[in-house]
Amino acid sequence: MEISDNLFDFIEKYSQENPIKLRLKRFENLNFDLSFAIDQIESRQKIKNKLPLWNQNKKLLFPSVLSAEQASSEITAKYKQDIIGSRYKSICDLTGGLGVDSYYFAASAEKVTYVERYPLYCNVAKYNFSILQKNNIQIVCSDSLKFILGCNIKFDAFYIDPARRNSENKRLYDLRDCEPNIIELQDILLEKAPVILLKASPMIDISRAIQDLKFVKEVYVISVKNECKELFFVINNHFIEGEISINCVNLNPVKQPDNYIFTLKDEKNISLLQPITSVRSYLYEPNSSILKAGAFKSVAISFSISKIHKNSHLYTSDKFVANFPGRVFIVKEIMPFSGKALKKLYAQYPSANITVRNFPMTAEELRRKSKIKDGGNIYIFATTLCPDKKIFIICEKIINV
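These notes cover the structure that comes with them. (Residues numbered from 1 in each chain as written. Predicted model: local features only at pLDDT ≥ 70, side-chain atom pairs only at ≥ 80, totals over all residues. Heavy atoms only, no water.)

1. Here's the deal with the overall build of the chain
Stated precisely, the cut-off is as follows: Here a helix means four or more residues in a row that DSSP labels H or I, a strand means two or more in a row labelled E, and each is numbered from the N terminus. Only protein chains enter the accessibility calculation, which uses a 1.4 Å probe. A residue is then buried if its area is under 20% of the maximum for its type, exposed if over 50%, and partly exposed in between. We call two residues contacting when some pair of their heavy atoms lies within 4.5 Å. Each accessible area is a Shrake-Rupley estimate made with a 1.4 Å probe; only the visible protein chains count as cover when residues are assessed. We count Lys and Arg on the positive side and Asp and Glu on the negative side, and we leave His and both chain ends out. For this purpose, a charge sits on NZ of Lys, CZ of Arg, CG of Asp or CD of Glu.
In terms of helices and strands, the chain carries 16 helices and 16 strands. With the C-alpha coordinates of the chain rotated into their principal frame, the extents come out at 70 × 60 × 35 Å. Residues classed as buried in the chain amount to 52% of the 401 residues present. Long-range pairs, those at least 24 residues apart, make up 66% of the contacts in the chain between residues at least 6 apart in sequence. When the accessible surface of the chain is totalled, it reaches about 20200 Å², and 48% of it is carbon and sulfur. Across the chain, the mean location of the 56 positive side-chain charges is 7 Å away from that of the 44 negative side-chain charges.

Okay, structure coming up:
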């Protein structure tokens, strides 16, 4: 890895160029690795929104484009730092990668150990942490399993973000398929630290993961701008029995996060009243973290709102509920689903945002059949009302709630 002013000048000069086209051009008399330089350009284009502070620092480097793609975003890494606070003095990051999580953990912990098997990643991490003036991060170039088996150091916590792609670059969702296999490693890890902090795909089943793992104390379902990004498990070997806290959070760079906390036990034991058979003045759609976590009954009880159908996951009320963790709408009109209704919808609302919940057609199919264009201030929910009535709910979104 050769670093020079010419390298950074090249990156800056061609920062807006298409990396594919750059790789086809001929450049002469370069005193740096051209492929590495173009990787920097492509990486920065990919992390521009995900890692804005890193992107602003023109001296930082990226070991590969893949490392930029797979790295935690700044907003989720900072949130994980806030979760752990100053609870752990020493944290070992067993899947170092680009080092974003290690960097943020180092802001709270006294010492962070970054473990990564690829030498280039380690060299870049050492360089980046120096540029970022993080002097409490130790770099260890080793396979995580070899490091664990040969390590005599006790840590307060292990952090692990298993690789979720196989050798053919296909996505993996089961914890057993990811590398390293946390299910197999858990007992070994807990011999050397009382806590494991596990980042996992938002696609995995939370209940199954809790069953597969041991001593799960907390689960965080983390979304950014209402898109579910990751699951974060806090595993503590002192937590033998008790109610597991499920924390649903929706992060947004320009507003305070939405938080909703419940337990799977409470959700299971709630006897929800029969869903109502009419839609009231207000419609509520929980954010993606709540829907992923499955707090379908809990959220209705917490905010005194009524579910319109057991499988629709939309809620309604006569009175406006402030601080609801999701989108809130004023209901304008209800239409029974039919071919005539589609024509009427188009005549009244040629442009609208269409969402489908528990409905036999997709949003794309409805848009194609109705010819309604995407966009505007009108929102149309195609859904099912109790007992089994297919309807359109036409509404307007309440902003800043």
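2. Observations regarding helix H1 (residues 5–13)
Put simply, the test is: Arc definition: directions from the helix axis to the C-beta atoms.
Of all the positions in H1, only Leu7, Phe8, Phe10 and Ile11 are classed as buried. Looking straight down H1, one finds that the buried residues subtend no more than 155 degrees of arc, so they occupy a single side. When the buried face of H1 is taken as reference, the exposed residues oriented beyond 90 degrees from it are Asp5 and Lys13. Where H1 is buried, its residues touch helix H3 (34–47) and helix H8 (119–131).

3. Here we look at unusual backbone geometry
Among all residues save glycine, negative phi is the norm, and among peptide bonds the norm is trans. For the peptide bond that leads from Glu179 to Pro180, omega is -5 degrees, which places it in the cis range. By the secondary structure assignment, Pro180 is in the loop between strand E4 (157–160) and helix H10 (182–192). Residue Pro387 follows Cys386 across a cis peptide bond; omega there is 5 degrees. In this fold, Pro387 is placed in the loop between strand E15 (373–385) and strand E16 (389–397). With phi around 60 degrees, Asn323 is a residue other than glycine that occupies positive phi space. Here Asn323 shows up in the loop between strand E12 (315–317) and strand E13 (326–336). Unusually for a residue other than glycine, Asn358 sits at a positive phi of about 55 degrees. Its place among the elements puts Asn358 in the loop between strand E14 (351–357) and helix H16 (363–370). Note on Asn358: relative accessible area 30%, which makes it partly exposed.

4. Let's talk about H10
Selection rule: Between N or O atoms, a polar contact is any pair within 3.5 Å; within protein, one atom must be a potential hydrogen donor and the other a potential acceptor, and residues adjacent in sequence are included only when both atoms are from side chains.
Listed in full, the buried residues belonging to H10 are Ile182, Leu185, Gln186, Leu189, Leu190 and Lys192. Seen end-on, H10 carries its buried residues on one side only, within an arc spanning 140 degrees. Facing away from the buried surface of H10 by more than 90 degrees, the exposed residues are Glu184 and Glu191. On its buried side, H10 packs onto helix H9 (144–150), E4, strand E5 (195–200), helix H11 (206–212) and strand E7 (227–236). At the N-terminal boundary of H10, the capping side chain belongs to Asn181, with an oxygen 2.9 Å from the backbone nitrogen of Ile183.

5. Concerning the packing of aromatic side chains
Think of a pair of aromatic rings as described by two things: how far the centres are apart, and how the planes are tilted against each other in angle. The test is simple: Only rings of Phe, Tyr and Trp enter the pairing, Trp through its six-membered ring, and a pair is recorded when the two centres are within 6.5 Å. The plane angle decides the type: under 30 degrees is stacked, over 60 is edge-to-face, the rest tilted.
A complete count under the given rule lists 24 aromatic pairs for this structure. With a centroid separation of 6.4 Å and 40 degrees between ring planes, the pair formed by Phe147 and Phe155 is classed as tilted. For the residue pair Phe147 and Phe155, the accessibility class agrees, reading buried in each case. Members of the aromatic cluster, each reached through a chain of ring pairs, are Tyr79, Phe105, Tyr159, Tyr220 and Phe232.

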